[in-house]
Amino acid sequence: MRCPFCHHADSRVIDSRDVEDGKATRRRRSCPECGRRFTTVEEAVLAVVKRSGVTEPFIRDKVVNGVRRACQGRPVGEDALQHLAHRVEESIRAGGAAEVPSHEVGLAILGPLRELDEVAYLRFASVYRSFSSIDDFEKEIADLRDAGAGQPPGASKPSDTE
Ligand SMILES: [Zn+2]
């Protein structure tokens, strides 16, 4: 690892520990040239394979951005978005694959988003599943109604007018 201060080509590891439950390794390094110390975090790369076949690293912020668009005007805070993206990443990593197709990322988003906000879920699902008619919405809404049958609609959330 190159020293970020003097750009010396090598550095010495002086401490190494697992972080985030072993998903990443944090290393404290020392530069033999200038003597300065710095930290690196090493994490196994999770790759997303897009429909075009192009592979790119999984980036949690991309999930956040995609979901944030669907949540526009909805009572969903930044914390909830971050939490959702974290859950999505956890569930994908739990699958154990080093590469996942992008549609699986979309699938992993649908579940937690449905719990978070039904309107945002419908928006996201309509794009993700390419809803082509109002029937698709009706079916999805019927599913949501069935799933939420245990509690009166809107019991926990204030209804809002858009
Ligand atoms: Zn240095």
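The protein chain appears in an unreviewed UniProt entry as Transcriptional repressor NrdR from Pseudonocardia eucalypti. UniProt lists a comment for the protein chain under the heading Sequence similarities (unreviewed entry), and it reads "Belongs to the NrdR family." UniProt lists a comment for the protein chain under the heading Function (unreviewed entry), and it reads "Negatively regulates transcription of bacterial ribonucleotide reductase nrd genes and operons by binding to NrdR-boxes."

Protein coordination at the zinc ion: the donors are C3 (SG), C6 (SG), C31 (SG) and C34 (SG), at 2.2 to 2.4 Å from the metal. Coordination at the zinc ion is tetrahedral, judged from the 4 donor atoms that bind it and the angles of 106 to 117° they form at the metal. Each donor residue of the zinc ion lies on the same chain, and together they follow the pattern C-x2-C-x24-C-x2-C. Linking C3 in the segment before β1 (12-19) with C34 in the loop between β2 (24-30) and β3 (37-43), this pair joins segments that are 31 residues apart in sequence. Relative accessible area serves as the criterion here: at 31%, C34 is assigned to the partly exposed category.

Moving on, we come to the side chain of R27. Positionally, R27 belongs in strand β2. At 3.5 Å, the side chain of R27 and the side chain of S16 are in polar contact. Of note is the side chain of R27, whose polar atom sits 2.7 Å from the side chain of E42. Those residues within four positions of R27 in sequence are excluded, and the remaining contacts are V13, D15, S16, F38, T39, T40 and E42.

Parameters at a glance
Positions within a chain are numbered from 1, following the residues in the order the chain's sequence is written. The predicted nature of this model means local features are confined to residues of pLDDT at least 70 and side-chain atom pairs, given and counted, to a pLDDT of 80 or more, with totals for whole chains, interfaces and linings taken over all residues. Neither water nor hydrogens contribute to the side-chain values; these are computed over all heavy atoms in the structure. UniProt positions are given in the numbering used here, feature names are shortened, and annotations may be inferred rather than shown by experiment. Shown as donors are all N, O and S atoms within 2.8 Å of a metal ion, widened to 3.2 Å for Na, K and Ca; because water is not in the atom set, sites may appear incomplete. Working rule for geometry: tetrahedral if four donors all subtend angles between 85 and 135 degrees; square planar for four, octahedral for six, if opposite donors exceed 155 degrees and the others stay between 65 and 115; irregular in every other situation. Secondary structure elements follow DSSP: runs of H or I of four or more residues count as helices, runs of E of two or more count as strands, with numbering from the N terminus. Residue burial is assigned from relative accessible area. The probe radius is 1.4 Å, only protein chains are included, and a residue is buried under 20% of its type maximum, exposed over 50%, and partly exposed in between. Each polar contact in these results corresponds to two N or O atoms within 3.5 Å; when the atoms are within protein, one needs to be able to donate a hydrogen and the other to accept it, and residues that are neighboring in sequence are counted only if both atoms are side-chain atoms. Residue contacts follow a heavy-atom distance rule, with two residues in contact if any of their heavy atoms lie within 4.5 Å.

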